Amino acid sequence: PVADRLMRLALLLLCLACGPAGAVETKVLKDIAYKDDVISQTPYEQERCKLDLTLPADAKGFPTYVWFYGGGLKNGGKDLDSEYCAEIRESLARAGVAVVTPDYRLSPKAKYPAYVDDAAAAFAWTVKHIAAHGGDPRKVFIGGHSAGGYLALLVAMDPERLKPHGLTLGSVAGIAQVSGQVFNHYTVREERGQARYGITSDEAAPAFHIRKSLPPILTIYAQNDMLSRAEENMFFVTTLKAAGHTENYSMRIDDRDHGTVGHNIRNADDPARLAILNFIAKQSANR
């Protein structure tokens, strides 16, 4: 109860600080290719591997949040109204956090690990280029909603994902994921000819990579999340704790379902939005 009251107080103070009176101007850079080796890419890869960068205008040293939308690894796009990417990135950037929203290849046109490789490349691009736009490369966070949360967790928990880019898990300032799948994603299972709801955990599952020495993690899920997803996230949080991971935070958002727990982050007073901003502020101070 005391911890809950302190969290609510912190969110209230953050809400006051990040509301309309404290909002900053923003600017958006569209359709930046985040992979350099154009010759080796397929046309589909060249089409999809682009990102938008939303910046707090005239700011320096700000943190950056790489945000992956959901869609079951089969659907979605940074420019689709149904994903609310434009509104989410604008909302967070007004609070002083730059937001990177990448597109990535989708199944069945691409199969595992293509979309994970894309997510890692987008994160690596951000670390390597954000300083040129005024941001602090030591303060690059990663997250997403649903399938986007799954991608963020894999990139930031498995050191093999970032190694090809010359980065380590130490390059990740923190993970703030919303209702991500922590076992093998059901689309990955389908690609392998396995049952959609059969529980498996191998290198394609964030849960497989749980250990003590991971970046700070914030896990958010909904009271009325999709069947088994809330429980999956609770398992993830408790197993991190069992492994000795101390920078491990979680929040259940009441009166939200699987869609609204992510999409409502665009709203200034949304508790998930405020928790993400609070997490980024705290972990940025530690960097």
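Here is what the cut-offs are and how they apply
Residues numbered from 1 in each chain as written. Predicted model: local features only at pLDDT ≥ 70, side-chain atom pairs only at ≥ 80, totals over all residues. Heavy atoms only, no water. Phe/Tyr/Trp six-rings, centres within 6.5 Å; stacked < 30°, edge-to-face > 60°. Helix = DSSP H or I, 4+ residues; strand = E, 2+ residues; numbered from the N terminus. Buried < 20%, exposed > 50% of the residue type's maximum accessible area, 1.4 Å probe, protein only. Core = buried A, V, L, I, M, F, W, Y, C linked by side-chain atoms within 4.5 Å. Contact = heavy atoms within 4.5 Å. Polar contact = N/O pair within 3.5 Å; in protein donor to acceptor, adjacent residues only side chain to side chain. Expected span 1.5 Å × (residues − 1). Pairing = 2+ DSSP bridges. Axes fitted to C-alpha atoms, helices over the stretch in contact; angles between N-to-C directions. Right-handed = clockwise from strand over helix to strand, strands pointing away.

Q: So what about the packing of aromatic side chains? Which residues, and what values?
A: Applying the stated criterion to the full structure yields six aromatic pairs. Plain terms: the ring middles of tyrosine 69 and tyrosine 104 are 4.9 Å apart, the flat faces sit at 20° to each other, and that makes the pair stacked. One end of the pair, tyrosine 69, is in the loop between β3 (62-68) and α3 (85-94); the other, tyrosine 104, is in the loop between β4 (98-102) and α4 (114-129), and 35 residues separate them in sequence. On the basis of relative accessible area, tyrosine 104 is assigned to the buried category, the value being 0%. With a centroid separation of 6.2 Å and an interplanar angle of 70°, the aromatic rings of tyrosine 249 and phenylalanine 279 are classed as edge-to-face. Residue tyrosine 249 is located in strand β8 (residues 248-257), and its partner phenylalanine 279 is located in helix α10 (residues 271-286); the two are separated by 30 residues in the primary sequence. The class of tyrosine 249 is partly exposed, set by a relative accessible area of 25%.

Q: Can you lay out the nonpolar core for me, pointing to particular residues and giving the numbers?
A: Grouped together as the largest cluster of nonpolar side chains are 80 residues, with contacts concentrated most on Tyr65, Tyr104, Phe123, Ile142, Ile220 and Ile276. Discounting chain neighbours no more than four positions away, the residues touching isoleucine 142 are Tyr65, Val66, Phe68, Phe123, Ala152, Val155, Ala156, Val172, Gly174, Ile175 and Ala176.

Q: Quick one: what's the story with the side chain of histidine 185, residue by residue and with numbers?
A: Here histidine 185 lies in the loop between β6 (174-178) and α7 (186-191). For histidine 185, a relative accessible area of 1% puts it in the buried group. One polar contact links the side chain of histidine 185 to the main-chain amide nitrogen of threonine 187, over a distance of 3.0 Å. Apart from residues lying up to four places away in sequence, histidine 185 is in contact with Gly72, Leu73, Ala147 and Tyr150.

Q: Describe unusual backbone geometry, with residues and values.
A: Of note, the bond from serine 107 into proline 108 is cis; its omega dihedral lies within 30 degrees of zero at 10°. Within the secondary structure, proline 108 sits in the loop between β4 and α4. For the bond running from tyrosine 112 to proline 113, omega is 10°, close enough to zero to count as cis. Its location among the elements puts proline 113 in the loop between β4 and α4. In this model, serine 179 sits at a positive phi of 55°, which is unusual for a non-glycine residue. Counting through the fold element by element, serine 179 comes out in the loop between β6 and α7.

Q: So, α4: which residues are in play, and what are the values?
A: Between its first and last C-alpha atoms α4 spans 22 Å; for 16 residues at 1.5 Å apiece the expected length is 22 Å, and the two agree. Among the 16 residues that make up α4, 13 are buried, leaving the element largely enclosed by the rest of the structure.

Q: I'd love a proper account of the sheet that holds β6, names of residues and values included.
A: With mixed pairing, eight strands are arranged side by side in an open sheet as β1-β2-β4-β3-β5-β6-β7-β8. Two strands in the sheet have a free side with no partner beyond their single neighbour: β1 (26-33) and β8. Across the sheet, the axes of successive neighbouring strands diverge by a mean angle of 20°, strand direction being ignored. As defined by bridge partners, β6 adjoins strand β7 (residues 217-224) across four bridges and the pair is classed as parallel. Residue pairing in the sheet places isoleucine 175 in a bridge with isoleucine 217 of β7. Against the sheet, α3 contacts β1, β2 (50-56), β3 and β4, and its axis sits at roughly 30° relative to β2.

Q: Residue-level account of the side chain of histidine 263, with values.
A: Here histidine 263 shows up in helix α9 (residues 260-263). Setting aside its immediate chain neighbours within four residues, histidine 263 contacts Ser82, Glu83, Tyr84, Ile88 and His145.

Q: Give me the pairing of β7: which residues, what numbers.
A: Counting buried positions along β7 gives six out of eight residues, so the element sits mostly inside the fold. Handedness of the crossover is the feature at issue here: the chain leaves β6, passes through α7, returns alongside β7, and the resulting connection is right-handed. In this structure, β7 lies alongside β8, joined through seven bridges in parallel fashion. Residue pairing across strands places isoleucine 220 opposite methionine 251, the latter belonging to β8. In this view, the connection linking β7 to its parallel neighbour β8 by way of helix α8 (residues 229-242) has right-handed handedness.

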